[in-house]
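# Results of the structural survey
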Amino acid sequence: MAVSQQAWRVGRSRPRSVIPGFGLTLGITLLALGLVVLIPLASVVARSALLGWGPFIAAAFSSRALHAYALSISAALFAATLNALFGLLTAWVLVRYSFPGRGILNALVDLPFALPTAVAGVSLAGLYGSTGWIGGLLALLGIKAAYNEVGIVIALTFVGLPFVVRTVEPVLRDLSNDVEEAAASLGAGRLQTLARVILPALAPAWLTGFSLAFARALGEYGSVIFIAGNMPYKTEIAPLLITIELEQFDYGSASAIATVMLALALIMLLTINSVQAWASRASA
Amino acid sequence: MTSKLQASTDDPAWARVGLIALAVAFVALMLVLPLISVFAQALAKGIPGTLAALSDPDALAAIRLTLITAAIAVPLNTAFGVCAAWAIGKHDFPGKAILVSLIDLPFSVSPVVAGLSYVLVFGLQGWFGAWLGAHNIKIIFATPGIVLATIFVTFPFIAREVIPLMQAQGRDEEEAAISLGAGGLTTFLHVTTPNVRWGLMYGILLCNARAMGEFGAVSVVSGHIRGVTDTMPLHVEILYNEYDMVGAFSVAALLCLLAIATLVLKTALEHFQPQGLDVVAPIPERLRP
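In short, a report on the structure. A quick note: this is a predicted structure, and the numbers were derived from the prediction, not measured. (Residues numbered from 1 in each chain as written. Chains lettered and ligands numbered in written order. Predicted model: local features only at pLDDT ≥ 70, side-chain atom pairs only at ≥ 80, totals over all residues. Heavy atoms only, no water.)

## Here we look at the pattern of salt bridges
Residues and elements named next belong to chain A. Short version of the rule: Take a side-chain nitrogen of Lys or Arg and a carboxyl oxygen of Asp or Glu: if they are within 4 Å of each other, that pair is a salt bridge. Secondary structure elements follow DSSP: runs of H or I of four or more residues count as helices, runs of E of two or more count as strands, with numbering from the N terminus. The buried label goes to any residue with under 20% of its type's maximum accessible area, the exposed label to any with over 50%, and the partly exposed label to all in between, with areas taken from a 1.4 Å probe on protein chains only.
One pass over the structure, following the stated rule, counts 15 salt bridges over all chains. Salt-bridge contacts for Glu 169 lead to Arg 166; the nearest nitrogen and oxygen are separated by 2.6 Å. Here Arg 166 and Glu 169 lie together in helix α9 (residues 149–174), a separation of three residues that amounts to about one turn. For the pair Glu 169 and Arg 166, one class covers both residues: buried.

## Some details on the environment of Glu 169 of chain A
All names here are of chain A. Using the following cut-off: Working rule for contacts: check all heavy atoms of both residues, and any pair within 4.5 Å makes them a contact.
Residue classification places Glu 169 among the buried residues on the basis of a relative accessible area of 9%. Taking the C-alpha atoms as reference, Glu 169 lies 17 Å from Ala 277; in sequence the two are 108 residues apart. Glu 169 has contacts with Ala 91, Val 95 and Asn 106, leaving out every residue within four places of it along the chain.

## So, the interface of chain B and chain A
Just so we agree on the cut-off: Once two parts are joined, some of their accessible surface, as seen by a 1.4 Å probe, is lost; buried area is that loss totalled over both.
Across the boundary between the two partners, chain B contributes 93 residues, which contact 100 residues of chain A. Taken together, the two surfaces of chain B and chain A that pack against each other cover about 8,800 Å², and 76% of this comes from carbon and sulfur. One can count one salt bridge joining chain B with chain A. Here Lys 266 of chain B and Asp 110 of chain A are joined by a salt bridge, their closest N and O atoms 2.5 Å apart. Examining the composition of the side of chain B that touches chain A, we find that 20 residues originate from one element, helix α2 (residues 13–42) of chain B, more than from any other.

## Quick look at the packing of helix α4 (residues 57–90) of chain B against helix α8 (residues 143–169) of chain B
Residue and element names in this part refer to chain B. Keep this limit in mind: For helices, the fitted axis covers only the stretch in contact; all axes are lines through C-alpha atoms, and the angles between them, taken along N-to-C directions, range from 0 to 180 degrees. Throughout, a crossing is termed right-handed when the near helix is turned clockwise from the far one, and left-handed when it is turned anticlockwise from it by less than a right angle. Asp, Glu, Lys and Arg are counted as charged, while Ala, Val, Leu, Ile, Met, Phe, Trp, Tyr, Cys and Pro are counted as nonpolar; the rest, among them Gly, fall into the polar class.
Where α4 contacts α8, the axes come no closer than 6 Å and their chain directions differ by 35 degrees. α4 and α8 meet at a crossing whose hand is right-handed. When its residues are assigned to classes, the contact of α4 with α8 shows 20 nonpolar, ten polar and one charged.

## Notes on helix α12 (residues 232–241) of chain B
Summarising burial for α12 of chain B: nine of the ten residues are buried, a large majority. Where α12 of chain B is concerned, the buried positions are Met 232, Pro 233, Leu 234, His 235, Val 236, Glu 237, Ile 238, Leu 239 and Tyr 240 of chain B. Buried residues along α12 of chain B sit against α7 (117–128) and α12 (222–228) of chain A together with α4, α10 (184–213), α11 (216–222) and α13 (245–272) of chain B. The first or second residue beyond α12 of chain B is Tyr 243 of chain B, which carries a positive phi of 60 degrees.

Okay, structure coming up:
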């Protein structure tokens, strides 16, 4: 680390790298970024600015929109919390124990990255609907798990599942046994070691995974709409409200809501960046 | 003393078994069961029913459009990712950290917002709408819009995988090759590429899976014209909303097979390069603000 850091400083003071192609590749990168990402996103903000302040506030913070943000944020928080708990457990089991089927479990964790969200959506709606394999059982207990908030949290938990596992796993693997042995030899019990030594070391990575899962869940659409019920003021998530405004050709309102979602995404991006910076400082 | 230490760093058998059982149960309930239920519903009318659903002309058109979209979006993002990694990983310039954050932006933007942004730029009332209309070029509610929206959502995948790898590899080998008289392209192909190829393939794999499976962004720009602007995930939605369960789940099962193939290939790639391949690999410290 120290060597590469130093090499970097030396490299920085050098006037020009001998490696060619800088201008060309940076040019292509900036051009692609501008055309594909920045200009289109700017058009969303520009379109909502056209509305003027009053109509923007009216569209972006109508009571229907406020309900949608509140639902999106709270369901995403719920799902990210579930992912944090079960993700930590799954990472722990994958790193610390060896058992038959561990390789398969490890590969399966990434399924939500590989499976299209619409497929997850129809499948979960089928499973948790009142006639589905799980929904039928839950109905016997009087629990409704689809076409309401519970269904939304289930879908968001599905899409966010890999994030916590994959951020905690490498840190847990690198955590040396020495500190645990030291804690034990100083008389700490297993639970005490866990709470005072292991969990604090995992906390930055754990929080990174939580925020990644939350950010992903906040904007998620495909897996949710099939299981959500999509009732205005009740089970209508914010991205769905954007598509509804669009279907009515109300581009202004759609842009206003999208601008709020963009602001939330930027806040999450900054949060994740600073949490990751903290995480890599902590692990260094 | 040793046995006490042992006991303190190893969990008791009951805890071990209990935790493994809990993790396996969670993954089975959340991931395996949905997968099984897709295949069960696809095969509800037997294999002939599934095959008939898949050979429907609209289903075939959706499969074709999905393949075309991925065939355009993935190579473009590969070229972009390699360029970005070369500029960021092998050179120094001010604003690098901000550039990396901006490349990451599509990960945190809702796909629906992405789709909306393309409608606002290329749609009839959009910035270029009048000009495009006058020249009879259709982007929104047509294949180009679907491809563009797909490029947006998969934009960071390959760059994010290759930037940390090129960064970690340093510049010594490239500088040596250049000083010995190799050209830039030769150096890239024979010195850099062998060092990053597994990571690059890993990024391409994940990019392809997302490109074929994207729903939200594509849904906004597609216009849902059956047999024309329907990708496979959109076709699943249409059939599902028409209560054609065998049809919907047959196309969904095909996408499940794609996901399973992706996971198998991904596991194989991790055997070649177990360290440094990670879907959520943090960007190296010095790149961040």
